[in-house]
Amino acid sequence: MPAVTPPGRDLRLDLFRGLALWLIFLDHIPSNMVSWLTIRNYGFSDATEIFVFISGYTAAFVYGREMDNRGFIVASARILKRVWQIYVAHIFLFVVYMAEIAYVASSFDNPLYGEEMGILNFLKQPDVTMIQAMLLKFKPANMDVLPLYIVLLGGFPPMLWLIKRSPTLGLAVSAALYTLTWRFDWSLPAYPNGTWFFNPLAWQLLFVFGAWCALGGAERIAPFARSRPVFWLAVAYLVFAFAITMTWYVPHTANYVPHWLTDWMYPIDKTNLDVLRFAHFVALATVTLRYVPRNWPLLTSPLMRPAILCGQHSLEIFCLGVFLAFAGHFAMVELWDGIGMQVLVSAAGIAAMVAVAALITWYKNVEARRHGPRQTPPNADLAGGEA
Amino acid sequence: MKALMITVMTTALAATLATPCPAADEGGCFVASGIVQADFSLPRVAAAIARKQLNVAVLGSASSTLPGAGGAQAYPARLQASLTRRLPGVTIKVVAHTKARETAAEMVTTLHQVLQDDKPDLVVWQTGTVDAMLGVDPDQFQSALADGIDALHDGKADGVFMNMQYSPRTDSMIAMGAYVEAMRFIALQREILLFDRFAVMNDWNEMGVFDLSATTKKIDVAERVHDCIGRLLGRLIVDGANLAQASNTGAGNMDTTHREIH
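Residues numbered from 1 in each chain as written. Chains lettered and ligands numbered in written order. Predicted model: local features only at pLDDT ≥ 70, side-chain atom pairs only at ≥ 80, totals over all residues.

1. Brief notes about the overall build of chain A
Then step 1. Helix and strand counts for chain A stand at 14 helices and zero strands.
Then step 2. Its C-alpha atoms give chain A a radius of gyration of 21 Å, near enough to 21 Å, the size a compact globule of 387 residues would have.
Then step 3. The principal-axis extents of the C-alpha atoms in chain A amount to approximately 60 × 60 × 45 Å.
Then step 4. Out of the 387 residues in chain A, the part that is buried amounts to 46%. (Helix = DSSP H or I, 4+ residues; strand = E, 2+ residues; numbered from the N terminus. Rg over C-alpha atoms; globule rule 2.2 N^0.38 Å. Buried ≥ 20, exposed ≤ 12 C-beta atoms within 10 Å, placed from the backbone.)

This is the structure in structure tokens:
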């Protein structure tokens with residue numbers, strides 16, 4: 001496996017983003033026992049929060065430096081070029097999805113599922129479906145994350161400019177937008193119905209919070225975040241969230257949660273990044289980073305390298321993960337869907353993600369050597385990253 | 001998306017831990033215990049059984065029907081057969097009101113009409129698939145369910161929710177999760193019985209009771225699935241009525257859910 005460490009890079013970002021990619025892959029395979037391992041089953045937040053936060057962090061880190069060196073216009077152009085790449089990747093995944101349902105449409109005709117086959121009606125009107133997909137309004141199952149990124153990154157240049165001038169003001173603007181979104185139910189329309197599954201107007205808070213942390217915010221809150229009371233508060237909140245989550249899974253325990261609490265707490269809204277989810281992510285980060293410092297010895301060990309490699313090529317590996325989840329589920333339905341197969345598909349999928357990430361790293365290293373010392377601008381992987 | 005994220009996986013876990021629990025009139029339709037369980041009572045059904053005349057309305061979309069003559073093999077008709085076997089001496093009438101491609105919100109209108117015209121003692125409301133396929137805002141889906149429950153209260157009828165079918169082939173194409181959770185959440189919050197068809201069929205697929213991903217144009221498996229749904233739904237309804245009776249006579253403890261009426 002190729003070496004991964006440009007000096008000065010905070011490998012924790014790559015590590016946790018790589019892990020988040022694996023978790024998203026596991027969660028995207030329907031009826032997969034292995035997804036019991038993923039964090040969404042043990043608290044309010046899930047891999048999406050980790051992913052959005054780190055992407056905001058790395059985007060600010062990479063494009064912030066670009067903005068210092070080459071100015072607002074050039075940095076913005078680079079951000080928009082990245083947006084275009086993500087858009088193309090999304091359309092590619094959409095084609096894969098359409099191929100799968102087209103196959104099922106022509107091969108599967110069980111009279112029990114006449115109703116579910118109605119999903120194939122999208123094939124009958126490609127004129128509408130294709131255009132709605134290109135407008136990012138029609139987003140099939142599990143294809144909501146990339147459109148969120150496209151919008152978050154597309155709107156990022158002015159926010160980055162603002163945070164560089166006044167971090168506090170930038171964060172305040174973001175929080176205000178989040179509050180107004182909740183107050184007035186702002187959302188983006190989807191096709192054929194409803195709204196975006198991830199509301200960018202709400203999720204931008206986490207992205208901007210990540211950017212704010214990258215540009216000095218993390219150091220500013222460090223004394224506070226590392227204090228003992230805050231640590232124990234975070235632990236207490238994680239335990240609380242864990243206990244509440246268990247009542248969703250263990251039958252008849254929900255009755256032990258007091259009514260006033262459920263009335264106040266539910267629903268815990270994923271679409272609009274519920275504040276309980278946001279708090280859960282912050283608590284999780286507080287506790288984790290206490291045990292995983294920047295110079296954590298294991299970060300450079302071969303044990304962590306697979307996840308770090310994946311995290312360093314997040315756009316490619318994310319897309320591969322969505323594709324593999326489709327393919328894995330397809331294999332389970334066609335061949336066998338026992339627990340053994342679920343474990344096999346999960347393990348093989350992660351192995352494929354690691355192998356492709358290693359291949360990309362190898363290729364980039366080879367290319368870099370061929371071009372000699374010429375400085376290529378750092379490429380921000382899926383809204384940030386390879387810096 | 002909504003709070004009570006009792007996922008499909010719960011069921012899978014429960015299924016691996018639990019043993020099948022046979023009871024009268026289940027005709028080999030085994031399902032892991034706890035999946036079909038009366039958590040809430042059906043007082044109006046209990047009263048109707050006492051009057052020896054039980055009227056049930058089934059409100060549903062296309063998955064409440066089967067191709068073929070007169071719907072005799074679809075689960076509403078199988079429910080009538082099951083209730084007739086379970087409740088000897090009681091006249092059972094099950095009327096199905098099914099319409100393809102109706103969302104929950106659209107079905108609320110039908111529900112008002114049915115409550116007014118037929119005055120059923122019990123309404124089985126099957127919904128969710130169409131909403132999931134169209135991507136209806138889960139909030140709107142939830143409020144449609146809540147409107148339906150209000151209508152049931154006004155119409156003085158008991159209600160049983162029925163959620164989506166589990167369909168392995170389209171599992172990765174239709175994002176059911178938020179809608180499955182929404183129905184479970186509202187059912188629990190508003191104390192409405194839920195026939196968790198999604199969990200039941202997932203259990204069947206997992207345990208190999210039925211091969212739900214088979215590529216077949218034949219109707220026989222579909223008919224057996226509907227027969228089993230009818231039987232288990234019958235069991236749930238009778239359990240709910242028993243629970244109402246038990247709490248009336250002051251012996252209201254949860255164990256009575258498992259007692260058979262005959």
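Picking up after the structure, the text goes on.
2. Here's the deal with the overall build of chain B
Then step 1. A tally of regular secondary structure across chain B gives nine helices and five strands.
Then step 2. For chain B, the N- to C-terminal ordering of α and β elements is α-α-β-α-β-α-β-α-α-β-α-β-α-α.
Then step 3. For chain B, buried positions account for 58% of its 262 residues.
Then step 4. Across chain B, every contact between residues at least 6 apart in sequence was considered, and the portion connecting residues at least 24 apart equals 82%. (Contact = placed C-beta atoms within 7 Å.)

3. What to know about the packing of helix α6 (residues 156–165) of chain A against helix α8 (residues 200–225) of chain A
All names here are of chain A.
Then step 1. Running from amino to carboxyl end, α6 crosses α8 at an angle of 40°, the nearest separation of the two axes being 10 Å. Looking at the two axes, α6 sits oblique to α8. At the point where α6 passes α8, the crossing takes the right-handed sense. Contact residues: α6 offers Met-159, Leu-160, Ile-163 and Lys-164, while α8 offers Val-208, Ala-211, Trp-212 and Leu-215.
Then step 2. Its residues placed into classes, the contact of α6 with α8 shows seven nonpolar, no polar and one charged. (Axes fitted to C-alpha atoms, helices over the stretch in contact; angles between N-to-C directions. Parallel < 35°, antiparallel > 145°, perpendicular 65-115°, else oblique. Left-handed = near helix turned anticlockwise from the far one by under 90°. Nonpolar A, V, L, I, M, F, W, Y, C, P; charged D, E, K, R; others polar.)

4. Details of the interface of chain B and chain A
Then step 1. The partner chain A presents 40 residues to the 44 residues of chain B that form the contact.
Then step 2. Elements that contribute at least two residues to the side of chain B that touches chain A include exactly α1 (8–17), α5 (129–134) and α9 (220–248) of chain B.
Then step 3. Residue contributions to the side of chain B that touches chain A peak at four residues, all from α1(B).
Then step 4. When the residues that make up the side of chain B that touches chain A are grouped by side-chain class, the tally is 24 nonpolar, 14 polar and six charged.

5. A few points about the pairing of strand β1 (residues 53–60) of chain B
All names here are of chain B.
Then step 1. Along β1, six of the eight residues are buried, which leaves the element largely enclosed by surrounding structure.
Then step 2. With eight bridges connecting them, β1 and strand β2 (residues 91–98) associate as parallel partners. Looking across to β2, one finds that Leu-59 is bridged to His-97.
Then step 3. Pairing of β1 with strand β3 (residues 122–126) involves four bridges; the strand directions are parallel. Bridge pairing links Val-58 to Val-124 in β3. (Pairing = 2+ DSSP bridges.)

6. What about the confidence of the model for chain B?
All names here are of chain B.
Then step 1. Across chain B, the average pLDDT comes to 85, with 86% of residues at 70 or higher.
Then step 2. Every residue in residues 1–23 is under pLDDT 50, and counting partners more than four places away or in other chains gives 58 contacts.
Then step 3. Every residue in residues 251–262 scores below 50 in pLDDT, and together they form 20 contacts with partners more than four places removed in sequence or on other chains.
Then step 4. Scored by ipTM, the complex comes to 0.83, with pTM at 0.85. (pLDDT = per-residue confidence, 0-100.)

7. Some points on the nonpolar core
Then step 1. In this structure, A:Trp203, A:Ala211, B:Val124 and B:Ile237 are the most contacted members of the largest nonpolar core, which totals 192 residues.
Then step 2. Filtering out sequence-adjacent residues up to four positions away, A:Ala211 remains in contact with A:Gly56, A:Tyr57, A:Ala59, A:Ala60, A:Leu160 and A:Ile163. (Core = buried A, V, L, I, M, F, W, Y, C linked by C-beta atoms within 7 Å.)

8. Some remarks on the sheet that holds β1(B)
All names here are of chain B.
Then step 1. Pairing is parallel across the open sheet formed by five strands, whose spatial order is β2-β1-β3-β4-β5. A single partner strand is all that each edge strand has here, and the edge strands are β2 and β5 (193–195). Between one strand and the next, the sheet's axes are offset by a mean angle of 20°, whatever the strand orientation.
Then step 2. Relative to β5, strand β4 (residues 158–162) runs parallel, the two sharing three bridges. Pairing of Val-160 across the sheet is with Leu-193, part of β5.
Then step 3. Of the strands in this sheet, β1, β3 and β4 touch helix α2 (residues 43–50), which is tilted by about 140° from β1.
Then step 4. Sheet contacts for helix α4 (residues 104–118): β1, β2 and β3; angle to β1, the most-contacted strand, approximately 160°.

9. Some remarks on the confidence of the model for chain A
Then step 1. Put simply, chain A has an average pLDDT of 90, and 94% of its residues get 70 or more.
Then step 2. Taken together, the stretch residues 381–387 of chain A has pLDDT below 50 and engages in 38 contacts with residues farther than four places along the chain or on a different chain.

10. Describing helix α1 (residues 11–28) of chain A
Then step 1. Helix length check: α1(A) (18 residues) gives 26 Å between terminal C-alpha atoms against 26 Å at 1.5 Å per residue, within 8%.
Then step 2. With respect to burial, α1(A) is a largely interior element, 18 of its 18 residues being buried. (Expected span 1.5 Å × (residues − 1).)

11. Quick word on the environment of A:Phe92
Then step 1. Inspection of the secondary structure puts A:Phe92 in helix α2 (residues 47–107).
Then step 2. Look at A:Phe92 and you get partly exposed, because 14 C-beta atoms sit within 10 Å.

12. Some points on unusual backbone geometry
Then step 1. Along the chain, A:Tyr191 connects to A:Pro192 via a cis peptide bond; the corresponding omega equals 0°.
Then step 2. Note on placement: A:Pro192 falls in the loop between α7 (167–184) and α8.
Then step 3. With an omega of -5°, the peptide bond between A:Tyr266 and A:Pro267 qualifies as cis.
Then step 4. Tracing the backbone through its elements, the reader meets A:Pro267 in the loop between α10 (259–265) and α11 (275–291).
Then step 5. Of note, the phi angle at A:Leu273 is positive, near 45°, even though the residue is not glycine.
Then step 6. Among the residues examined, A:Leu273 registers 26 C-beta atoms within 10 Å and is labelled buried.
Then step 7. In this model, B:Lys119 sits at a positive phi of 45°, which is unusual for a non-glycine residue.
Then step 8. Of note, B:Lys119 is situated in the loop between α4 and β3.

13. Remarks on the packing of helix α13 (residues 314–334) of chain A against helix α14 (residues 339–370) of chain A
Helix-helix packing is characterised by the crossing angle of the two axes and by the distance between the axes.
Residue and element names in this part refer to chain A.
Then step 1. Packing of α13 against α14 leaves a shortest axis separation of 10 Å and a crossing angle of 150°. Classified by the angle between their axes, α13 and α14 sit roughly antiparallel to one another. The two elements α13 and α14 meet at a crossing, and its hand is right-handed. Contacts between α13 and α14 involve Glu-316, Ile-317, Leu-320, Gly-321, Leu-324, Gly-328, Ala-331 and Met-332 on the former and, on the latter, Met-341, Gln-342, Val-345, Gly-349, Ala-352, Met-353, Val-356, Ala-357 and Ile-360.

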